Amino acid sequence: SKAARVFYPPSIAIDASTNGSFSIDLYQEYINQFGSPTVASAGAPAAVPTYARTDLYYYVTYADATVFNTATMAIDANGNLSYTVIGQPADYNALINVVFVVK
């Protein structure tokens, strides 16, 4: 089914305490967490199965426009997200929703 081809990568912290332009490798964050889970159920493999970098499409489905300049936000074909922080979140929390889609 098409739904099985769409998944959320693991949660990651993005520092929005300072204005400026930054980048983060979403694919590498996915590999780091899925490859080394903190805890697994009894009998589970040591790592979660993962896709190759080129097997995925990368999307930001939502970003808080009061914190991030969504007009200049971009993701390249390798999963590198470039973003600009334009304001600090009022309650120290801001959201970016990222979705991976299997090609």
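The model shown is predicted, which means the values in this text are computed figures rather than measured ones.

About the thresholds
Residues numbered from 1 in each chain as written. Predicted model: local features only at pLDDT ≥ 70, side-chain atom pairs only at ≥ 80, totals over all residues. Heavy atoms only, no water. Helix = DSSP H or I, 4+ residues; strand = E, 2+ residues; numbered from the N terminus. Buried < 20%, exposed > 50% of the residue type's maximum accessible area, 1.4 Å probe, protein only. Contact = heavy atoms within 4.5 Å. Lys, Arg positive; Asp, Glu negative; His and termini not counted. Charge placed at Lys NZ, Arg CZ, Asp CG, Glu CD. Core = buried A, V, L, I, M, F, W, Y, C linked by side-chain atoms within 4.5 Å. Pairing = 2+ DSSP bridges. Axes fitted to C-alpha atoms, helices over the stretch in contact; angles between N-to-C directions. pLDDT = per-residue confidence, 0-100. Salt bridge = Lys/Arg side-chain N within 4 Å of Asp/Glu carboxyl O.

Student: Teacher, can you tell me more about the overall build of the chain here?
Tutor: A count of helical and extended segments in the chain gives one helix and six strands. Taking the principal axes of the C-alpha coordinates as reference, the chain spans close to 45 × 30 × 20 Å. Out of the 103 residues belonging to the chain, those deemed buried represent 27%. Intrachain contacts of the chain at a sequence separation of at least 6 include 64% that bridge at least 24 residues. Separation between the mean location of the 4 positive side-chain charges and that of the 7 negative ones in the chain comes to 18 Å.

Student: Explanation requested: the nonpolar core in the structure shown.
Tutor: Proteins that are soluble and globular tend to have nonpolar side chains buried together. By size, the foremost hydrophobic cluster in this structure holds 20 residues, and its most contacted members are Y30, L56, F68, M73, Y83 and F100. Within the residue set of this core, elements represented by two or more residues are helix 1 (26-35), strand 3 (56-63), strand 5 (80-85) and strand 6 (96-102). Residue contacts for M73: discarding those within four places in its chain leaves V60, A63, F68, L81, S82, Y83 and I96.

Student: Help me out: how do you make sense of the sheet that holds strand 4 (residues 74-75) in this one?
Tutor: Strand pairing in a sheet takes place through backbone hydrogen bonds and is either antiparallel or parallel in direction. The strand order across the open sheet built from three strands is 2-5-4, with neighbouring strands paired in antiparallel fashion. In this open sheet, the two edge strands, each paired with only one partner strand, are strand 2 (20-25) and strand 4. Each of strand 2, strand 4 and strand 5 touches helix 1; the most contacted strand, strand 2, lies at about 45° to it.

Student: Help me out: how do you make sense of the confidence of the model for the chain in this one?
Tutor: In low-pLDDT regions, the fine details of the predicted coordinates are not to be read closely. When the pLDDT values of the chain are averaged, the result is 93; 97% of them are 70 or greater. Mean pLDDT values over the elements of the chain span from 92, in strand 1 (residues 6-7), up to 98, in strand 4.

Student: Hey, could you run me through the pattern of salt bridges in this one?
Tutor: When their charged atoms lie close together, side chains carrying opposite charge are able to pair. For the coordinates displayed, the defined rule picks out one salt bridge. We note a salt bridge from R53 to D25, for which the minimum N-O separation is 3.1 Å. Taken together, the residues span a long stretch of sequence, with R53 in the loop between helix 1 and strand 3 and D25 in strand 2 at a distance of 28 residues. In this structure D25 comes out as partly exposed when scored by relative accessible area, which is 23%.

Student: Looking at this structure, how should I read the sheet that holds strand 3?
Tutor: Taken in spatial order, the three strands of this open sheet run 1-6-3, and their pairing is antiparallel. With one partner strand each, in any of the chains shown, strand 1 and strand 3 form the two edges of the open sheet. Where strand 1 and strand 6 come together, two bridges link them in antiparallel fashion. When the sheet's bridge partners are listed, F7 is paired in strand 6 with F100.

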